[in-house]
Amino acid sequence: MTDDALELRASDADRERVAEVLRDALAEGRLDIEEFEERLEATYKARTYGELTPITRDLPVPAGGTVPAVSMRKEPVASGSWAGRIVGGEGSSSGAVAVMSGFQRKGRWTVPKRFSCFAFWGGGEIDLREADFADREVEINCVAIMGGMQVVVPPGVEVVVRGFGVMGGFDHREDGVPAEPGAPRVIVSGFAFWGGVGVERKRTRAERARLKEERRREKLERGSGDL
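The structure contained in this document is the topic of the report that follows. A quick note: this is a predicted structure, and the numbers were derived from the prediction, not measured. (Residues numbered from 1 in each chain as written. Predicted model: local features only at pLDDT ≥ 70, side-chain atom pairs only at ≥ 80, totals over all residues. Heavy atoms only, no water.)

## Side note on the sheet that holds strand E13 (residues 196-201)
Cut-off, in case you're wondering: Any two strands between which DSSP finds at least two bridges are classified as paired. In DSSP terms, a helix is any run of H or I states spanning at least four residues, a strand is any run of E spanning at least two, and both are numbered starting from the N terminus.
Within the open sheet, the 5 strands sit side by side as E2-E5-E8-E13-E11. Their pairing is parallel. Strands with a single pairing partner mark the edges of an open sheet, and in this sheet they are strand E2 (102-105) and strand E11 (169-170). One ladder, built from 5 bridges, connects strand E5 (residues 123-127) with strand E8 (residues 148-153); its direction is parallel. The residue of E8 that forms the bridge with Glu125 is Gln150.

## A look at the pattern of salt bridges
What counts here: Put simply, a salt bridge is a Lys or Arg side-chain nitrogen that is within 4 Å of an Asp or Glu carboxyl oxygen. Burial classification: accessible surface area is computed with a 1.4 Å probe over protein chains only, and a residue below 20% of its type maximum counts as buried, one above 50% as exposed, and the rest as partly exposed.
For the structure shown, the criterion picks out 12 salt bridges. The shortest N-O distance in the salt bridge between Glu41 and Lys45 comes to 3.4 Å. Of this pair, Glu41 and Lys45 both sit in helix H3 (residues 33-45), 4 residues apart, which is roughly one turn of that helix. For Lys45, a relative accessible area of 40% translates into the label partly exposed. Each of Glu35, Arg39 and Asp58 takes part in salt bridges that share partners, so that together they form one network.

## Considerations on the packing of helix H2 (residues 12-27) against H3
Packed helices, taken two at a time, are described by the angle between their axes plus the distance between the axes. Our working rule: Think of each axis as a best-fit line through the C-alpha atoms, taken over the contacting stretch in the case of a helix, with angles from 0 to 180 degrees between the N-to-C directions. When an angle is under 35 degrees it counts as roughly parallel; over 145 it counts as roughly antiparallel; between 65 and 115 it counts as roughly perpendicular; any other value is oblique. In what follows, a contact means two residues having at least one pair of non-hydrogen atoms within 4.5 Å. Amino acids outside the nonpolar list (Ala, Val, Leu, Ile, Met, Phe, Trp, Tyr, Cys, Pro) and the charged list (Asp, Glu, Lys, Arg) are all regarded as polar, and Gly is one of them.
Their axes nearest at 9 Å, the elements H2 and H3 cross at an angle of 175 degrees. Overall, the two elements H2 and H3 adopt an arrangement that is roughly antiparallel. Contacts between H2 and H3 involve Arg15, Glu16, Val18, Ala19, Leu22, Arg23 and Leu26 on the former and, on the latter, Ile33, Phe36, Arg39, Leu40, Thr43 and Tyr44. A breakdown of the residues in the contact of H2 with H3 according to their chemical character gives 8 nonpolar, 1 polar and 4 charged.

Here is the structure:
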């Protein structure tokens, strides 16, 4: 890529292609979660190809070699569409167990049609914000005995809570919030005894950084227009 090309403004599609490279690298173990989040945040702040190119320079591409990610990735799914995240298949993991310990399922993974988890004197986190989905409807079955679990979903996903508790409970705050068109449905079921299962709707750190940067730019543009 020439010096002149590096000075060109990057598009949202370019930034999403770089983000996809980073997600693949995280899933393959080439990046740890801290470095992934740092690079993803830099991706959404990048304004030119020159700022994007170094972010993935040390990461391989599917065909081999290293080239600027802005020119090697397929076009992302249109903004607001969930079609690209409902991928079919069996899922990356079918369940998790924590006995006087903890577990996490987060980052880039595929949620199966039914994911079962159990915690006894322990806890777990099931984070779906970067996940793909094996089906349009998936179920997270949680059994918490003197322990707790937290299910984190991205904005736009439909949540249905069907779990119940004895001297414990399930968080119903996100139950019934309207879903985006085509978004998957996540059913949270199970049982809690002297424990609890929380459900939280939350953006990724990188998405929050991107939105913050967009608001800052809009504010600057409005300010310059008043001059």
